[in-house]
Structure formats: structure tokens, C-alpha cells
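Summary of the model geometry
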Amino acid sequence: SVPADASNPESVVVSVLNISAVLGSQAVLPCKSHRMVWTQDRLNDRQRVVHWDVHSTYYGDNKMERLCDMYSAGDQRVYSSYNQGRILMPENAFVEGNFSLVIKGVAESDAGIYSCNLHHHYCHLYETVKIQLTITKKAEEAGEFWDGEKPVLVALEGSTVTLPCVNRNHIWTERHSEEEQQVVHWDRQPPGVPHDRADRLIDLYASGERRSYGPLFVRRKMNVTDAAFALGDFSLRISELESADEGTYSCHLHHHYCGLHERRIYRVSVTEPVRERKVVNLTTHNVAPAVVINLSAFLSDPNVVRGHNVINVIIPESRMHFFQQLGYILATLLLFIVLLIIVVLITRKRRQRGESQNTHPVLKDVNLKEFTVDTTDLTPHKSEDIRLDYKNNILKEKAEQARSFPAKNIDLDK
């Protein structure tokens, strides 16, 4: 990037504007000079002129009269035949910068307030010098003084008087190449960057030369019309706005020939797009009347201070809405109960399995040799005839055999 040219004279800030544009849109920063005619001098330098006027009350009519005028590229012109040959200005007035008026043989009718008017139509410059002339018949009263507003000359009747009007500013005394001295440039300051470190965007010259700075995509999206100097319109157009385009922009108008140095400041901010303006008609069945919101009336009111457009819509509840919410609650409660029952059943089944394992002792291998059985205490007992009803013959035979064999003593150690 190219920094702003600090060598240029300090510009006079003539306007400060805050511009807010929507993201993705095109922003136009207006920069127009109504004072300057930004065109070349195509009238052969007839845009510089000086003329002398007099405001006299001698004849009682209290009127302003044009005495003479002269263009920088032409001869001087005297309006009244009475003044032909008796009033004149230097022929090289626009070279020396001396526009003084010489009056020969002054008379009492010449008394009044004279004004020397310098006009530069090309630069829109107007300067006026006023001098009061008083005629006296006494030589000792002749002289000049300052009355607090303008100089006063007291001249002896019949003498020659020179009313001074000198301006040696270069715009009145010589011509320059206006094309080389008309320059317009745009600068941009990102947020937080001071003016003396601003980035140069565009340089424009009346000769047609144009210089753009920065990356290619920045040069393509920022544009000034090619007929800027012909129209006096140096507005900057920024297309496809982005958040990175925010900052402070400056339009500098420099016309060194005319002594014009103006600066216009624009603070650009980028906002989010506004939703489409429309009428929203919210209706439901079996409810109160529909709620209608007119967004267009809200958005079009310039007196409303808006940030983000947030609209809260409250819809009256209906019976259907109540039962729908109740159904959601009941379904949630039923699901919770089912889950609770499943958890209880699983817990109970695990407890039953634990109790069954505790009721069956663990069987161990028993060695009968470790035990001694004493059969001496066994006394024979009289067997009793037991009459049983048997289901089959096999069981009956086994019972009879048991009764027929007496008990024996068994020694397990043998």
C-alpha cells in the first residue's frame, strides 16, 4: 500500500459523513465540489476580469455605476463617454498585479465610494477592495486616512488621483498548466489507524492520468467515473461490500492553481442484510383471531432507532394445544413407569438366584475309613409285620427279603 502524501498542504475539512451500507451491496461516497469548475480554461483566459464601480450620491439618485472593466486576454472598456480618456487602468494589470484606477481632473461629481472587483470565474474567486473618494478645494485638506472600514482619499479638485488596488497573487498575474495542478485522491484508514498513516487508494489528474493502489481485487471494487473532472463528481463507488471495507475514507481535492485544498471524510460501517419486508399472517384452527404483523410499516419509519430486527410473536393458546401438551406429559410419565417396572423385575430375579445358591451346601468327598461305626449298641428288635399295599410285585419281593434277613454287625475296619 502507498501512504498518503504528507507533502500536500493541510486540507480544510468541509464535511464529515457517516455512511452505513448493507453487506454485499454497493456504497457511494459522494465527493463533489460546487465551488470549483473542474474543467480546463476553454475561453482563452477570459475568465479573469477586473471592473471598477462607483456608488455616488452627487445627483441624488444613490446608485451604483459601472465605470470600466478589463479581461486578462483583452482590452479595457470604459462605459461612459464622459470618462473616455480621463479614467484608465495599467495595460499590464494582469502581469504586474496592479489594478489601480487613475482619474484625471477630478471633479465634485467624482466623489463617492469606489470598489475594485476582481473575479476569477474559473476558480470561483471574488475579491473586492473599497475606497472612498472625497473632493476638496483646499490643498491643505488633501490626503488620506482610514475610517475603520476602508481607506479615504481627500483629493484636490482638478488634480489627478490614483485609487490603489494591488493583488499580486499568482492566479491574477500569470497562467499555469491547470491540468498538472488539479489532483484528486482517495485515502482509507482502517479502524484504529491515524490519518497520517492512511493507505492511498486512487490518484486522479485532470490530464487523464489515473493511478490505483493496493491488491487487484481492491482496485476492481473501488471506482471513480472517468468523467470526474468534466462533471466535478469524484464520488467513490465500492461494490460488493464486506466487513473488511469498514473504516474512514477521505476525498482530497487539490487545485493548486486556484488555491483549493478541501477534504471530505466518510465513516463507513457495514451492517447485516435486513430481512425482506412483508406482512406475516399467522393463523391456526380453533384459536383466537389471527395475529397480523406489518413489518413494512415498522421498517419504513425513519424515527425508529433499530439495531437487530427482532420481533416477538405471542400466539393465544387453544384447547388443542393444551391437550397436545398434556399428551406429551402423559406419554413421558408412562415411559418412566415402564422403565421403573423393568428395573424392579431385574433386581428381584437377581435376588432369587442368590438365595437358591445359599440353600444347597457344597458336597465334599467323604472317606469312610475315617469313621468308626460301633454296632454293639444295635439291639435286635422284633420285626413287625407291616402290611403295605404295593403297587407292583418287584417292590413286594424286596420288602419280603428285607424281613427275612436279620441285622448283622458290620465292622468297617476290616
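Residues numbered from 1 in each chain as written. Predicted model: local features only at pLDDT ≥ 70, side-chain atom pairs only at ≥ 80, totals over all residues. Heavy atoms only, no water.

Going by the annotation in an unreviewed UniProt entry, the name recorded for the protein is Matrix remodeling-associated protein 8, with Pachyramphus minor given as the source organism. The annotation that UniProt attaches to the protein under Subcellular location (unreviewed entry) is "Cell membrane". (UniProt positions renumbered as here; feature names shortened; annotations may be inferred.)

If you look at the biggest cluster of nonpolar residues, it comprises 33 residues, and the most contacted ones within it are Trp52, Phe99, Leu101, Tyr114 and Leu163. Sorting elements by how many residues they give to this core places strand β10 (residues 125-136) first, with four residues. Not counting residues up to four positions away in its chain, the partners in contact with Phe99 are Val50, Trp52, Met89, Ala93, Phe94, Cys116, Leu118, Cys165, Asn167 and Trp172. Ile19, Val218, Leu241 and Tyr249 belong to the second largest nonpolar core, which has 26 residues in total. (Core = buried A, V, L, I, M, F, W, Y, C linked by side-chain atoms within 4.5 Å. Buried < 20%, exposed > 50% of the residue type's maximum accessible area, 1.4 Å probe, protein only. Helix = DSSP H or I, 4+ residues; strand = E, 2+ residues; numbered from the N terminus. Contact = heavy atoms within 4.5 Å.)

With the rule as written, the count across this model stands at two disulfides. Each sulfur of the disulfide joining Cys31 and Cys251 lies 2.0 Å from the other. Measuring the twist about the S-S bond at about -75 degrees, one finds the Cys31-Cys251 disulfide to be left-handed. On the criterion of sequence distance, the pair formed by Cys31 in the loop between β3 (27-29) and β4 (48-56) and Cys251 in strand β19 (residues 247-255) is long-range, its members being 220 residues apart. The exposure classification of Cys31 matches that of Cys251, with both residues buried. Paired through a disulfide, Cys116 and Cys165 show a sulfur-sulfur distance of 2.1 Å. Given an S-S torsion of about -70 degrees, the disulfide between Cys116 and Cys165 has left-handed geometry. Of this pair, Cys116 sits in strand β9 (residues 112-120) while Cys165 sits in the loop between β13 (161-163) and α2 (170-173), and the two are 49 residues apart along the sequence. (Disulfide = S-S within 2.5 Å.)

This paragraph deals with the pairing of strand β5 (residues 63-71). Pairing geometry for β4 and β5, over eight bridges, is antiparallel. By the bridge assignment for β5, Val54 is matched with Glu65. Counting the residues between successive antiparallel strands, the hairpin from β4 to β5 contains six residues, one of them, Gly60, with a positive phi of roughly 80 degrees. In terms of strand pairing, β5 meets strand β6 (residues 76-78) through three bridges, oriented antiparallel. What sits directly across from Asp69, in β6, is Arg77. As consecutive antiparallel partners, β5 and β6 are separated by four residues. (Pairing = 2+ DSSP bridges.)

To continue, consider unusual backbone geometry. Backbone geometry at Glu240 places phi at a positive 50 degrees, although glycine is not the residue there. If you trace the backbone, Glu240 turns up in the loop between β18 (236-238) and β19. Look at Glu240 and you get exposed, because its relative accessible area is 59%.

Below, the discussion takes up the UniProt feature "transmembrane region" (unreviewed entry) in the protein. Here the UniProt feature "transmembrane region" (unreviewed entry) sits at residues 326-346. A distance of 31 Å separates the end C-alpha atoms of residues 326-346, which is 100% helix and 0% strand.

Moving on, we get to the pairing of strand β15 (residues 199-205). Of all the seven residues making up β15, six are buried; the element is thus mostly covered by neighbouring parts of the structure. The sheet contact formed by strand β14 (residues 182-189) and β15 spans six bridges and is antiparallel. Bridging across to β15, Val183 finds its partner in Tyr205. Two elements, β15 and strand β16 (residues 210-212), share three bridges in a ladder whose sense is antiparallel. From the neighbouring strand, Leu204 faces β16, where its bridge partner is Arg210.

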